[in-house]
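A closer look at the structure
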Amino acid sequence: MGSTKLNIHEAENNYLAKVAKVFSHPARVAIIKYISCCESGCICNDIVKEIGLAQPTISQHLSEIKKIGLLDQSASGKSLSYSINSEKLNACRRLMNDFFVKTQVNASK
């Protein structure tokens, strides 16, 4: 989606597309699943070891996930520790669910 065309869509549609983009890549899904299992957050190097991708690639995926607010980060020594923002995860789940329910209802008419 070209950034110059974002203004022609409703804000909710733009955000839904950003959320869908995050979940459209298997590495990002794997990263989210892994971070959700870490009790006290996890650092990038742990994610690199678990997922098997290079550190710059993991950092790029983390950046995309952070854009929708799904990750909280805190300093852990010299590293950043990542955890799932549960409120944002729930909001994303509701947004996606509402989209599918409304679309299904409309298609059934």
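Criteria and thresholds
Residues numbered from 1 in each chain as written. Predicted model: local features only at pLDDT ≥ 70, side-chain atom pairs only at ≥ 80, totals over all residues. Heavy atoms only, no water. Phe/Tyr/Trp six-rings, centres within 6.5 Å; stacked < 30°, edge-to-face > 60°. Pairing = 2+ DSSP bridges. Helix = DSSP H or I, 4+ residues; strand = E, 2+ residues; numbered from the N terminus. Polar contact = N/O pair within 3.5 Å; in protein donor to acceptor, adjacent residues only side chain to side chain. Contact = heavy atoms within 4.5 Å. Buried < 20%, exposed > 50% of the residue type's maximum accessible area, 1.4 Å probe, protein only. Arc of directions from axis to C-beta. pLDDT = per-residue confidence, 0-100. Salt bridge = Lys/Arg side-chain N within 4 Å of Asp/Glu carboxyl O.

Glancing now at the packing of aromatic side chains. A ring pair, where both rings are aromatic, is described by two values, the distance of the centres and the angle of the planes. In this structure the tally under the stated criterion is one aromatic pair. A ring pair is formed by Phe-99 and Phe-100, whose centres lie 5.2 Å apart and whose planes are at 70 degrees; its orientation type is edge-to-face.

As judged from the six bridges shared by strand β2 (residues 71-76) and strand β3 (residues 79-84), these two strands associate in the antiparallel manner. Paired with Leu-71 across the bridge in β3 is Ile-84. Connecting the antiparallel pair β2 and β3 is a turn made up of two residues, with Gly-77 showing a positive phi of about 70 degrees.

So, on to the side chain of His-61. When you line up the elements, His-61 lands in helix α4 (residues 55-67). Engagement of the side chain of His-61 in a polar contact is seen with the side chain of Arg-28, the distance being 3.2 Å. Apart from residues lying up to four places away in sequence, His-61 is in contact with His-25, Ala-27, Arg-28, Ile-31 and Leu-53.

Let us now look at helix α3 (residues 44-51). All of the buried residues along α3 are Cys-44, Ile-47 and Val-48. Down the axis of α3, the sector holding all buried residues measures 105 degrees, keeping them to one side. The exposed residues of α3 that point more than 90 degrees off its buried face are Lys-49 and Glu-50. Packed against the buried residues of α3 are α2 (26-37), β1 (42-43), α4 and β3. Downstream of α3 by a residue or two, Gly-52 has a phi angle that is positive, lying close to 90 degrees.

So, on to the environment of Glu-12. Its location among the elements puts Glu-12 in helix α1 (residues 11-23). For Glu-12 and Thr-57, which are 45 residues apart along the polypeptide, the C-alpha to C-alpha distance reads 28 Å.

Turning our eyes to something else, we now look at the confidence of the model for the protein chain. Considering every residue of the protein chain, the mean pLDDT works out to 91; 94% of them sit at 70 or more. At the level of individual helices and strands, the protein chain shows its lowest average pLDDT in β2, which scores 90, and its highest in α2, which scores 97.

Now for the pattern of salt bridges. Side-chain pairing between opposite charges can occur once the charged atoms of the two side chains come close. For the structure shown, the criterion picks out two salt bridges. One salt bridge connects Glu-64 with Lys-21, and the closest N-O pair in it is separated by 3.4 Å. Placement of Glu-64 in helix α4 and of Lys-21 in helix α1 is noted, with a sequence separation of 43 residues between them. Overall, the relative accessible area of 15% leaves Glu-64 in the buried class. For the salt bridge of Lys-67 with Glu-64, the shortest nitrogen-to-oxygen distance reads 3.0 Å. A residue pair is termed a helical-turn pair when its members lie 3 or 4 positions apart in one helix, as Lys-67 and Glu-64 do in helix α4 at three residues. In this structure, a network of salt bridges that share partners links the residues Lys-21, Glu-64 and Lys-67.

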